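Structure at a glance
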Amino acid sequence: MRQSLRYASRRDWPDVAADLKPVYTAVNEAQARERLDEFDARWGHKGVVTLVGC
């Protein structure tokens, strides 16, 4: 998560972290991918990158 914050403006950190939490606390991979898509829809235009380990 810290690596993702590196690509966000510091003033957006609390919101980015709050929006990433559902991704990392998802019950399964399918739910995590769905939450990641929601995150990307909100933050992708601002250039916030998520680094997801495979």
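Above this note sits the structure.
So, a few notes on the structure that sits alongside this text. (Residues numbered from 1 in each chain as written. Predicted model: local features only at pLDDT ≥ 70, side-chain atom pairs only at ≥ 80, totals over all residues. Heavy atoms only, no water.)

Let us now look at the packing of aromatic side chains. A full pass over the atoms with the stated rule returns 1 aromatic pair. Plain terms: the ring middles of Phe39 and Trp43 are 6.5 Å apart, the flat faces sit at 35 degrees to each other, and that makes the pair tilted. Of this pair, Phe39 and Trp43 both sit in helix α3 (residues 29-43), 4 residues apart, which is roughly one turn of the helix. Accessibility classification places Phe39 together with Trp43 in one group, the buried group. (Phe/Tyr/Trp six-rings, centres within 6.5 Å; stacked < 30°, edge-to-face > 60°. Helix = DSSP H or I, 4+ residues; strand = E, 2+ residues; numbered from the N terminus. Buried < 20%, exposed > 50% of the residue type's maximum accessible area, 1.4 Å probe, protein only.)

This part covers the nonpolar core. Leu5, Ala8, Val16, Leu20, Val23, Leu36, Phe39 and Trp43 together form the largest nonpolar core, which totals 8 residues. Those elements that place two or more of their residues in this core are α2 (13-24) and α3. (Core = buried A, V, L, I, M, F, W, Y, C linked by side-chain atoms within 4.5 Å.)

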